[in-house]
Amino acid sequence: MRMYDLITKKKHGEALTKEEIAFTVGGYVRGEIPDYQMSALLMAIWFRGMTDEETTELTLCMAHSGDMIDLSAIPGKKVDKHSTGGVGDKTTLIVTPIVAACGGKVAKMSGRGLGHTGGTVDKLESIPGYRTVLGRGEFFDVVNKCGLSIIGQSGNLATADKKLYALRDVTATVDSIPLIASSIMSKKLAAGSDCIVLDVKTGSGAFMKTLDDSIKLAQAMVAIGEGAGRHTVAFITDMDTPLGCSIGNSLEVMEAMDVLKGQGPEDLREVSLQLAEAMLYVIGKGTPEECRKLAEQAVADGSAFETFCSMVRAQGGDDSVLRDYSQFPQAPYKREVLAETDGFITNMNAEGVGVVSVVLGAGRETKDSGIDFSAGLVLHKKKGEAVRRGESLVTLYTSREKMLDEAERMYREAVQIGSEQPGEKPLVYARVEKDTVERY
Ligand code: URA
């Protein structure tokens, strides 16, 4: 078999066979296929797409290119959740303890922030002492004890994806539905849970900017999950504006804790409850209505918050910061950005707001740069809300005083104030299951 022939085949829009995909993935991981040939194939896939069978085969080869985690040491059904990434998306910190408090088992491997989007591991590391690297045995022990453990992705999970993602990142081939679907699902399959709930973001802050593309991506991922014997459900949720009001690592932990304490912004609470309901549903905790009630109850009686605290303690973290936020390290500089006119917030570009948080120090400029856990922003006005001249739109937090002017300028660029109140958009657009798409 020759890579040259496979590139030619895909260039002409033909489907690759199972053996050809295995040859490609295996050869690339072993270093036998050079980056320039793999780049050509990725670009051919970007233009020509892949059939469902090809996408599934690619996913399975990528999943098996590294460790396949066996969660059988944890009794009961294990459920995983994945978000395609967004700004202010701290739902994992809310949803997973709710599910664990209701008897679900969540053995979760999460990622770090990427570009303008945040990552759960960075958020958790803002909790003093919290360890995101655990040995396999300790990881299972924490899940068995607390119902939940969240750690960083193990170095050997879906090895092929690590190499391919880095190549896609520099060859303009990230935004391809079969390539995103196989990348995400290879990691989910390798992580070993029985059931998977996917949160596919749509809008300006998401990979998929349109609802139709988001639904196609969700369908591709659900088909892969179900084909591999994992009960998989996907939701399409809004990422045109940030979720909740806080963006930045410790700021997001505080807001997530607010929701677990029965407070916090309504949009974040609602998306979190829908995801928690779906996770409880896929592991058989009842009808969707019953699962929703269970999730609400776990928040109302404090058990979800206490479950999160117990996981934090089990992983070496100081949970007193979750009860008294003033114990978190505080950013030395802050600035209020004031409205210059009366009106309504007519647009809030999620990606633009995410980039402001990176400039303030909450995200990475390069993959090796450090993170300022206390940096970020808290929105006081969100899309659709009325503002008066002189009112605070947002508070910026940073350790880099010299970046405040630039951050303010960029924030003003990302947010528009106009005279007409924009119509409300849904928070959740659709639910995608094996053979159905339910649009809300
Ligand atoms: N997240 C991933 O893990 N992979 C992609 O390709 C895109 C988002």
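Scroll up to find the structure.
In this report, we go over the structure that sits alongside the text. The shown structure was predicted, so the numbers you read here are calculated from the model rather than taken from an experiment.

Some points on helix 17 (residues 404-414)
Buried within helix 17 are the following residues: Leu404, Ala407, Glu408, Met410, Tyr411 and Ala414. Buried positions in helix 17, seen along its axis, are confined to an arc of 165 degrees and lie on one side of it. Turned more than 90 degrees from where helix 17 packs its buried face, Asp405 and Glu413 sit exposed. Buried residues along helix 17 sit against strand 7 (333-338), strand 8 (343-348), helix 16 (350-360), strand 9 (376-379), strand 11 (392-398) and strand 12 (415-418).

Considering the site of the ligand
Near the ligand the following residues occur: Tyr165, Arg168, Ile180, Ser183, Ile184, Lys187 and Phe207. Here Arg168 contributes a side-chain N or O atom positioned 2.9 Å from an oxygen atom of the ligand. Relative to its unbound accessible area of 240 Å², the ligand is 91% covered by the protein chains. For the shell around the ligand, the elements supplying multiple residues, two or more each, are helix 8 (159-170) and helix 9 (177-191).

Describing the packing of helix 5 (residues 91-101) against helix 14 (residues 303-314)
It is the contact of helix 5 with helix 14, at a shortest axis distance of 8 Å, that shows an interaxial angle of 105 degrees. Between helix 5 and helix 14, the angle is such that the two are roughly perpendicular. Across the interface between the two elements, Leu93, Pro97, Ile98, Ala100 and Ala101 of helix 5 pack against Ser303, Ala304, Thr307 and Phe308 of helix 14. Class assignment of the residues belonging to the contact of helix 5 with helix 14 gives a composition of 7 nonpolar, 2 polar and no charged.

Looking at the layout of surface pockets
Looking at the second largest pocket, its volume works out to about 530 Å³. In terms of lining, the second largest pocket is formed by 19 residues, of which the most central are Thr241, Lys383, Glu424, Lys425 and Leu427. In terms of residue class, the lining of the second largest pocket is built from 6 nonpolar, 4 polar and 9 charged. Both of domain 2 (79-169 + 190-323 + 428-439) and domain 3 (329-418) provide at least three residues apiece to the lining of the second largest pocket.

Some details on the sheet that holds strand 4 (residues 195-202)
An order of 1-4-5-13-14 is seen for the 5 strands of this open sheet, with the pairing classed as mixed. The sheet is open, and its two edges are formed by strand 1 (79-83) and strand 14 (437-439), each paired on a single side. Adjacent strand axes in the sheet meet at a mean angle of 15 degrees, parallel and antiparallel pairs treated alike. Pairing analysis gives 5 bridges linking strand 1 to strand 4, with the strands arranged parallel. Bridged to Ser83 within strand 4 is Asp199. Sitting on the sheet, helix 10 (residues 211-227) is in contact with strand 4, strand 5 (231-238), strand 13 (428-432) and strand 14, with an inclination near 165 degrees to strand 5.

Some points on the state of the cysteines
When the sulfur atoms of two cysteines share a covalent bond, that bond is a disulfide. For the coordinates displayed, the defined rule picks out 0 disulfides. Between Cys195, a free cysteine, and Cys291, which holds the nearest cysteine sulfur, the sulfur-to-sulfur gap is 12 Å.

Looking at unusual backbone geometry
Despite not being glycine, Ala158 shows a phi value in the positive range, around 45 degrees. Checked against the element boundaries, Ala158 lands in the loop between strand 3 (148-152) and helix 8. Residue classification places Ala158 among the buried residues on the basis of a relative accessible area of 1%. Its identity is not glycine, yet Ala172 carries a phi of approximately 55 degrees, on the positive side. Positionally, Ala172 belongs in the loop between helix 8 and helix 9. The exposure class assigned to Ala172 is exposed, which follows from its relative accessible area of 58%.

Topic: the pairing of strand 8
As paired elements, strand 8 and strand 10 (residues 386-387) share 2 bridges and run antiparallel to each other. When the sheet's bridge partners are listed, Gly343 is paired in strand 10 with Val387. Sheet topology places strand 8 next to strand 12; 4 bridges connect them, and they run antiparallel. Directly across from Ile345, in strand 12, lies its bridge partner Ile417.

With respect to the packing of aromatic side chains
Taken as a whole, this structure holds 2 aromatic pairs when the rule is applied. When the ring of Trp46 is compared with that of Phe47, the centres are 5.0 Å apart and the planes differ by 75 degrees; the resulting orientation is edge-to-face. Summarising the aromatic geometry, the rings of Phe139 and Phe140 are spaced 6.0 Å apart at their centres and angled 35 degrees between planes, so their arrangement reads as tilted. Taken individually, Phe139 and Phe140 each receive the classification buried, so the pair is uniform in this respect. Lys163 extends its terminal NZ or CZ atom over the ring of Tyr28, reaching a point 4.3 Å from the ring centre.

Observations regarding the sheet that holds strand 6 (residues 246-247)
Read across the sheet, 4 strands follow the order 6-9-11-7 without closing on themselves; strand pairing throughout is antiparallel. With one partner strand each, in any of the chains shown, strand 6 and strand 7 form the two edges of the open sheet. By the bridge criterion, 2 bridges tie strand 6 to strand 9 in an arrangement that is antiparallel. Along strand 9, the bridge assignment pairs Ile247 with Leu377. Its contacts with the sheet put helix 16 on strand 6, strand 9 and strand 11, and the angle it makes with strand 9 is roughly 140 degrees. On the sheet, helix 17 packs against strand 7, strand 9 and strand 11 and is oriented at approximately 30 degrees with respect to strand 7.

About the criteria used
Residues numbered from 1 in each chain as written. Predicted model: local features only at pLDDT ≥ 70, side-chain atom pairs only at ≥ 80, totals over all residues. Heavy atoms only, no water. Buried < 20%, exposed > 50% of the residue type's maximum accessible area, 1.4 Å probe, protein only. Helix = DSSP H or I, 4+ residues; strand = E, 2+ residues; numbered from the N terminus. Arc of directions from axis to C-beta. Contact = heavy atoms within 4.5 Å. Near = heavy atom within 4 Å. Polar contact = N/O pair within 3.5 Å; in protein donor to acceptor, adjacent residues only side chain to side chain. Areas by Shrake-Rupley, 256 points an atom, 1.4 Å probe, with all protein chains shown as cover. Axes fitted to C-alpha atoms, helices over the stretch in contact; angles between N-to-C directions. Parallel < 35°, antiparallel > 145°, perpendicular 65-115°, else oblique. Nonpolar A, V, L, I, M, F, W, Y, C, P; charged D, E, K, R; others polar. 1 Å grid on protein atoms, 1.4 Å probe; cavity = no way out; pocket = protein on both sides within 12 Å on 5 of 7 lines; lining within 4 Å. Points joined across faces, edges and corners; volume = space filled by probe spheres on them. Domains from an automatic or database assignment. Pairing = 2+ DSSP bridges. Disulfide = S-S within 2.5 Å. Phe/Tyr/Trp six-rings, centres within 6.5 Å; stacked < 30°, edge-to-face > 60°. Lys NZ or Arg CZ within 6 Å of the ring centre and 35° of its normal.

By themselves, these are just geometric observations and shouldn't be taken as functional.
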